[in-house]
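Architecture and fold: a report
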Amino acid sequence: MHKNPILFITLILLLLPATSFPALDNQWDLSSETIIRTNERQDAEDKDNLLFPAYEYLTADYGRPLAAGLTFHAHGWGRHDLSGSDVFDDKSDGELLYGYLGYTFAPGGPGVKLGRQSVFTGLMDERIDGMSLQSPISQWMTLSAYGGAPAVDSTYDDRREQRVYGSRMGVNLGNAETGVSYQTTQNSEPEDDKKLGVDLYAILPADIIFSGFSSLNLVSSAWAEHSYELQFMVKEINIKPMYQRIQFQDLFDEGSLKSSPFRFLGETDEVLTVAGGDVSWQRQPIEIGAQVKNYAYDQKSEANIYSAGFLNWTAENLSELSLECGLMNGDAPQNRFILGRTGVKVYSLPLLPQQGHLSGDIIYVTYNEPIYEQKDSITAVLSYSHRFRDMFEIIISGDYSKGPYFDQDVGASLILVYDGGSGDLGVQP
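None of these values were measured; they are calculated from a predicted model.

Each helix and strand counted, the protein chain has four helices and 23 strands in total. Looking at the protein chain residue by residue over its 429 residues, the buried ones come to 37%. Taking contacts inside the protein chain between residues at least 6 apart in sequence as the whole, the part at least 24 apart equals 41%. Within the structure as shown, the protein chain displays about 24,600 Å² of accessible surface, and the carbon and sulfur contribution to it stands at 57%.

So, in structure tokens, the structure goes:
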């Protein structure tokens, strides 16, 4: 299943023809995204290889998720290097990201899902091979529960023997919603992991929106994370103050340490505190705003303050322009820099067909002092997209990067998209 996800999805489609479903008004929704890249990489022997990896992302959906009845959902990807290089030999060539059957007994629930799925229940974010259930208990209360094995690829074989179980009890009070979540990971070392979380969303007087959550590690009896945000308007100005505190050792438990990209932080007593906010003003066709955030580390005794201003301008259906200028003032040399970004998207040009779009994005960073003897970096992307018959889209893009961590990187992509006319894939080059 991990090696041939595209073949797996195709097999499911053959085994579940549309005529086998009782709801005749339901339809299949298929989408495909094919990406052919070209770039140069060095292998373990410092030999340059010109690569042509081809990626296929295939999605299949059947049914209406909010309506009563049976549904099917699957999404997977596969890769093949057309150059025949062995650069990707030690990496996965594909994966089934999700593939499950769902059944909703009545509009609004209860409903059940069986198979590989991503579970977003309160604070819990897991991908499992198992079952999940969501059911209203009363007009104000909803119960969600799930259980199964972690859905991991061959890189994390040590997690296959684990079992994950969790639930959330949610309470909806009209202008406020809260929930209590619980999750345990069994067969993890040195003992089973247990988490408890509380989330809250409320609309307060004067249309002030308050949201956030807190997560408690029940094994260490320590708070792993707090994250809260306010949002309110002062005349036409939108203000969003925020606060976040992460204690990495308690956030990344032993089970997740083996699959988390931040697992090295989980082995320390590091505590990150982030405080700041966003301010924006919008009146068509212009939006302007600013952001300030302070990142403070406990163990490293280091602080980084990032401040930025941005401007977005939209000229009806002709073009879009975005500008951003930011300043990172940190204690470490790599965290002291000025960042500039500009992005443009053009929908109508004399030489472009009506269905063609041209876009470009440039990010430039200059450091206060050299990093590996380089004081600046640049990343640029230029792409052209064209839509055919409201069902197909072709995207051609080129990208260039140069900075302290590599001499230069030049690549190109050819992306072929079929979305059945939905036009909502949001493909980015």
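Here we come to the pairing of strand β20 (residues 356-371). Pairing between strand β19 (residues 336-346) and β20: 10 bridges, direction antiparallel. Looking at the pairing, Thr342 lines up with Ile362 of β20. The pairing of β20 with strand β21 (residues 374-388) spans 12 bridges and is classified as antiparallel. By the bridge assignment, Tyr364 is partnered in β21 with Ile378. Hairpin remark: β20 followed by β21, antiparallel, with two residues in the connecting loop; positive phi at Tyr372, about 50°.

A few words on the environment of Val219. Note that Val219 resides in the loop between β12 (208-217) and β13 (222-234). Considered as a pair, Val219 and Asp250 are 31 residues apart in the sequence and their alpha carbons are 8.7 Å apart. With sequence-adjacent residues up to four places away left out, Val219 is seen in contact with Glu191, Asp192, Asp193 and Lys194.

This brings us to the nonpolar core. In terms of nonpolar packing, the biggest core is built from nine residues, these being Ile35, Leu51, Tyr55, Trp77, Val87, Phe88, Ile395, Ile415 and Val417. In contact with Tyr55, not counting residues within four places along its chain, are Glu33, Thr34, Ile35, Arg37, Trp77, Gly78, Arg79 and Phe88.

So, on to the confidence of the model for the protein chain. Confidence in the prediction of the protein chain, expressed as mean pLDDT, is 85, and 84% of residues score 70 or more. The lowest-confidence element of the protein chain is helix α3 (residues 254-257), averaging 54 in pLDDT; the highest-confidence one is strand β14 (residues 237-247), averaging 97. When the criterion is pLDDT under 50, residues 424-429 qualifies, and its contacts beyond four places in sequence or with other chains add up to 14 contacts.

Our focus in this paragraph is the pattern of salt bridges. Applying the stated criterion across every chain yields a total of 10 salt bridges. Salt-bridge contacts for Asp399 lead to Arg37; the nearest nitrogen and oxygen are separated by 2.9 Å. Pair noted here: Asp399 is in strand β22 (residues 392-403) and Arg37 is in strand β1 (residues 28-42), with a separation of 362 residues, a long-range link. For the residue pair Asp399 and Arg37, the accessibility class agrees, reading buried in each case. When the shortest N-O distance is used, the salt bridge between Arg116 and Asp129 registers 2.7 Å. On the criterion of sequence distance, the pair formed by Arg116 in strand β6 (residues 111-121) and Asp129 in strand β7 (residues 124-136) is long-range, its members being 13 residues apart.

Taken together, the side chains of Ile137, Trp140, Met141, Leu143 and Leu173 make up a nonpolar region of the molecular surface, amounting to roughly 490 Å² of accessible area. The residue Met141 is located in strand β8 (residues 141-150) in this model.

Turning to the side chain of Gln183, a few remarks are in order. For Gln183, the location among the structural elements is in strand β10 (residues 176-186). Of the residues examined, Gln183 reaches a relative accessible area of 4% and is grouped as buried. A polar contact is formed between the side chain of Gln183 and the side chain of Tyr146, at a distance of 2.6 Å. If near-sequence neighbours (up to four positions away) are discounted, Gln183 is found in contact with Met124, Glu126, Tyr146, Val164, Tyr165, Gly166, Asp193, Lys194 and Lys195.

With respect to the helices, strands and loops of the structure, Asn49 is situated in strand β2 (residues 48-51). Residue class for Asn49 comes out buried when judged on its relative accessible area of 12%. Placed 38 residues apart in sequence, Asn49 and Val87 show a C-alpha to C-alpha distance of 8.3 Å.

Throughout the structure, instances matching the rule amount to nine aromatic pairs. Note on Tyr98 and Tyr100: the rings are 6.2 Å apart at their centroids and 45° apart in plane angle, and the pair reads as tilted. You can call Tyr98 partly exposed: its relative accessible area is 24%. Note on Tyr100: relative accessible area 13%, which makes it buried. An aromatic cluster of at least three residues, connected via ring pairs, comprises Trp28, Tyr62 and Phe72.

Glancing now at the side chain of Asp61. Mapped onto the elements, Asp61 comes out in strand β3 (residues 53-62). In this structure Asp61 is buried but unpaired, with Lys113 as the nearest side chain of opposite charge at 9.8 Å. Of note is the side chain of Asp61, whose polar atom sits 2.7 Å from the side chain of His73. In this view, Asp61 contacts Gln27, Trp28, Asp29, Phe72 and His73; residues no more than four positions away in its chain are not counted.

Analysis parameters
- Residues numbered from 1 in each chain as written.
- Predicted model: local features only at pLDDT ≥ 70, side-chain atom pairs only at ≥ 80, totals over all residues.
- Heavy atoms only, no water.
- Helix = DSSP H or I, 4+ residues; strand = E, 2+ residues; numbered from the N terminus.
- Buried < 20%, exposed > 50% of the residue type's maximum accessible area, 1.4 Å probe, protein only.
- Contact = heavy atoms within 4.5 Å.
- Areas by Shrake-Rupley, 256 points an atom, 1.4 Å probe, with all protein chains shown as cover.
- Pairing = 2+ DSSP bridges.
- Core = buried A, V, L, I, M, F, W, Y, C linked by side-chain atoms within 4.5 Å.
- pLDDT = per-residue confidence, 0-100.
- Salt bridge = Lys/Arg side-chain N within 4 Å of Asp/Glu carboxyl O.
- Patch = residues over 30% accessible without salt bridge, like charges linked within 9 Å, V, L, I, M, F, W, Y side chains within 5 Å.
- Polar contact = N/O pair within 3.5 Å; in protein donor to acceptor, adjacent residues only side chain to side chain.
- Phe/Tyr/Trp six-rings, centres within 6.5 Å; stacked < 30°, edge-to-face > 60°.
- Lys, Arg positive; Asp, Glu negative; His and termini not counted.

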